Amino acid sequence: MTEPPQDPQLRRLLEGCERALAARDWDRLGGLAEQILGLDPANGAALRFQALAARNATPEARATGDDAPETPTGSTDPADAPAPPPLRPRPMFAPPPRIRRGEPPRGADAPR
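If you're wondering where the values come from, they're calculated on a predicted model, not measured in any experiment. (Residues numbered from 1 in each chain as written. Predicted model: local features only at pLDDT ≥ 70, side-chain atom pairs only at ≥ 80, totals over all residues. Heavy atoms only, no water.)

Peer 1: Hey, could you run me through the environment of L37 in this one?
Peer 2: Along the chain, L37 turns up in helix 2 (residues 26-39). According to the relative accessible area criterion, L37 is buried, its value standing at 14%. Between the C-alpha atom of L37 and that of L10, which follows or precedes it by 27 residues, the distance is 9.6 Å. If sequence neighbours within four positions are ignored, L37 has contacts with N43, A46, L47 and Q50. (Helix = DSSP H or I, 4+ residues; strand = E, 2+ residues; numbered from the N terminus. Buried < 20%, exposed > 50% of the residue type's maximum accessible area, 1.4 Å probe, protein only. Contact = heavy atoms within 4.5 Å.)

Peer 1: Looking at this structure, I do not really get the packing of helix 1 (residues 8-22) against helix 2. What am I missing?
Peer 2: When two helices pack together, their arrangement is given by the angle between their axes and by how far apart the axes lie. Taken N-terminus to C-terminus, the directions of helix 1 and helix 2 make an angle of 160°; their axes are 9 Å apart at the nearest point. In this view, helix 1 runs roughly antiparallel relative to helix 2, as classed from their interaxial angle. Two packed elements cross with a definite hand, and for helix 1 against helix 2 that hand is left-handed. In this structure, helix 1 uses Q9, L10, L13, L14, G16, C17, A20 and L21 to contact helix 2, whose residues at the interface are W26, R28, L29, L32, A33, Q35, I36 and L39. (Axes fitted to C-alpha atoms, helices over the stretch in contact; angles between N-to-C directions. Parallel < 35°, antiparallel > 145°, perpendicular 65-115°, else oblique. Left-handed = near helix turned anticlockwise from the far one by under 90°.)

Right under this line is the structure:
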């Protein structure tokens, strides 16, 4: 287990990274990681946070390079909350069941 940093500013920034990670706020996570790397360029945790933020950032944020959160931090208004990620589309129909020759039908199509 790694020892927490002695510098209170680094400790606060790393705690902010942990909160941003828990909230899946990738833009904020990337911005905080960059601040840490500005103070300690070899900080392994910040490098991992930065890579994670870059991998999960939205395409719009990557295109603009904007690492600042859109809403003020600490806001409790639900309207200020970031939108959840879009759901993946599900197939509309399930594939047909596999029927083996010579076996009796099973399920809803089975004779009673």
